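As a plain string of letters, each chain reads:
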Amino acid sequence: MNIILLGPPGAGKGTQAQLLVQERDMIQLSTGDMLREAKDSGTEMGKIVADVMARGELVTDEIVIGLIREKLDGDRKGGFIFDGFPRTLAQADALAGLLAEKGESLDAVIEMQVDDETLVKRIVNRAEEARAAGKPVRADDNADSVRIRLMEYYKKTAPLIGYYHAKGQLKSVDGLGAIDEVRGAIGSLLG
Ligand code: B4P
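Worth saying up front: this structure is predicted, and the values here are computed from it rather than measured. Residue positions are given per chain, counting from 1 as you read along its sequence in written order. Reporting of local features is limited, given that this is a predicted model, to residues whose pLDDT is at least 70; pairs of side-chain atoms are given and counted only at 80 or more, and all residues count toward the totals for whole chains, interfaces and linings. Hydrogens are left out, water is left out, and the side-chain values use all remaining heavy atoms of the structure.

### Some words on the UniProt feature "binding site: AMP" (unreviewed entry) in the chain
- UniProt positions are given in the numbering used here, feature names are shortened, and annotations may be inferred rather than shown by experiment. On the UniProt side, "binding site: AMP" (unreviewed entry) is annotated at positions that read Thr31, Arg36, Glu57, Leu58, Val59, Gly84, Phe85, Pro86, Arg87, Gln91, Arg138 and Arg149 here. Considering the C-alpha atoms alone, the annotated residues occupy 119 residues of sequence and remain spread out, their largest mutual distance being 24.3 Å.
- Under the scheme used here, helices are H or I runs from DSSP no shorter than 4 residues and strands are E runs no shorter than 2 residues, and both carry numbers assigned from the N terminus. Summarising the element assignment, glycine 84 is placed in the loop between β3 (80–83) and α5 (89–101).
- Dropping the residues within four chain positions of it, glycine 84 is found in contact with Leu5, Lys13 and Thr31.
- Relative to the helices and strands, proline 86 is located in the loop between β3 and α5.
- Apart from the residues within four sequence positions on either side, proline 86 is in contact with Ile4, Leu6, Gln91, Ala92, Leu95, Thr157, Leu160 and Tyr164. Should any heavy atoms of two residues lie within 4.5 Å, those residues are considered in contact.

Shown next, in the form of structure tokens:
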């Protein structure tokens, strides 16, 4: 099974992807995690993406598609969870091509619906919790970056909802409940 978790920043894509990994032995492909890893390891690519991410903007399609292409060559176990990818129509087209090359297809695109006020609260809360625990705070978890992340989402990523709806692959869940409730809703959709 290959699925996409689609939704605005802070919708809980990463949170639910990790639960699916535990329950279904799937492989989580989080472009956000891959980019943060590149940034922390100080590679050339990491230097290029660090400022873009801190501002809350999207990294170029070329870089992100390259990262996903490499991972699709690896182990697939119970299938892939695309977490935070695709985020543009160009990325969605690229993913369809990459999967077709491997004789694979998408089983579902799960759109996680959460209102803007809750998203901002969750992200600010994550920053506060990290600070209180003496842990590093994500460079993009601040009010200015969150505003830009939301603008980027509505401009570039939200059109994917119509794109996948037209293909008959879109399923939506209410992402407002507690983590366990959202997990249950996704589980029911996937069967
Ligand atoms: P991501 O790492 O994908 O981060 P995100 O969208 O902000 O988070 P997510 O929805 O996974 O929320 P999470 O579970 O963490 O992207 C970061 C940046 O990387 C982007 O802005 C961009 O610059 C770049 N990037 C990534 N992919 C890209 C792509 N394909 N193309 C271009 N650029 C790309 O949850 C957030 C918080 O809410 C957590 O604290 C969590 O504990 C909490 N939470 C989750 N579910 C909850 C629930 N049900 N109730 C209460 N709290 C909940």
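### Section: the site of the ligand
- The criterion for a residue being near a molecule or strand is simple. One of its heavy atoms has to lie within 4 Å of it. Near the ligand there are 31 residues, and of these Thr15, Thr31, Glu57, Arg126 and Arg149 occur at the shortest range.
- The definition of a polar contact used here is a pair of N or O atoms within 3.5 Å, where within protein one atom must be able to donate a hydrogen and the other to accept one, and adjacent residues in sequence count solely through side-chain atom pairs. Between the ligand and the protein, one listed contact pairs an oxygen atom with a side-chain N or O atom of arginine 36 at 2.8 Å.
- Method for areas: the Shrake-Rupley scheme with a 1.4 Å probe, in which residue coverage is limited to the protein chains shown. Protein chains bury 87% of the 1000 Å² of accessible surface belonging to the ligand in isolation.
- Elements with a contribution of two residues or more to the shell around the ligand: α1 (13–24), α2 (31–40), α6 (116–132) and α9 (179–190).
- Counting residues per element, the shell around the ligand draws most heavily on α2, which supplies 4 residues.
- Residue polarity is assigned by list, with Asp, Glu, Lys and Arg as charged and Ala, Val, Leu, Ile, Met, Phe, Trp, Tyr, Cys and Pro as nonpolar; anything else, Gly included, falls into the polar class. Looking at side-chain class alone, the shell around the ligand contains 12 nonpolar, 10 polar and 9 charged residues.

### Section: the sheet that holds strand β5 (residues 170–174)
- A sheet is described by the order of its strands in space; here 5 strands give the open sequence β2-β3-β1-β4-β5, paired in parallel fashion. In the strand order of this sheet, the two ends are held by β2 (27–30) and β5, each with one partner. Here the average twist between neighbouring strands, direction ignored, is 20 degrees.
- Should DSSP find at least two bridges between two strands, the strands are regarded as paired. Judged from the 3 bridges that link them, strand β1 (residues 3–6) and β3 form a sheet pairing that is parallel. Bridged to isoleucine 4 within β3 is phenylalanine 82. Only the stretch in contact is used when a helix axis is fitted, and all axes are lines through C-alpha atoms; the angle between N-to-C directions ranges over 0 to 180 degrees.

### Brief notes about the environment of phenylalanine 80
- Among the structural elements, phenylalanine 80 can be located in strand β3.
- We call a residue buried when its accessible area falls under 20% of the maximum for its residue type, exposed when it is over 50%, and partly exposed in between, using a 1.4 Å probe and counting protein chains only. Under the relative-accessibility criterion, phenylalanine 80 is labelled buried at 2%.

### Re the nonpolar core
- Core analysis: the biggest nonpolar cluster contains 29 residues, and Ile4, Leu29, Leu35, Val59, Ile68, Phe82 and Tyr164 have the highest contact counts within it.
- Contributing elements (two or more residues each) for this core: β1, β2, α2, α3 (44–55), α4 (61–72), β3, α5 and α8 (159–166).
- When residues in this core are grouped by element, the largest group, 6 residues, is from α4.
- Excluding its chain neighbours within four sequence positions, the residues that come into contact with valine 59 are Leu35, Val49, Val52, Met53 and Val64. Joining through side-chain atoms within 4.5 Å is the link that ties buried Ala, Val, Leu, Ile, Met, Phe, Trp, Tyr and Cys residues into a set, and such a set is a nonpolar core.

### Describing α8
- Inspection of α8 places Leu160, Tyr163 and Tyr164 among the buried residues, and these make up the whole buried set. Buried residues in α8, looked at end-on, bunch into an arc of 85 degrees, giving them a common side. Facing away from the buried surface of α8 by more than 90 degrees, the exposed residues are His165 and Ala166.
- Tucked inside the fold, the buried residues of α8 contact β1, α5, β4 (108–113), α7 (143–157) and β5.
- Among the residues trailing α8, glycine 168 stands out with phi positive, at a value near 75 degrees. Taken from the helix axis, the directions to the C-beta atoms give the arc we talk about.

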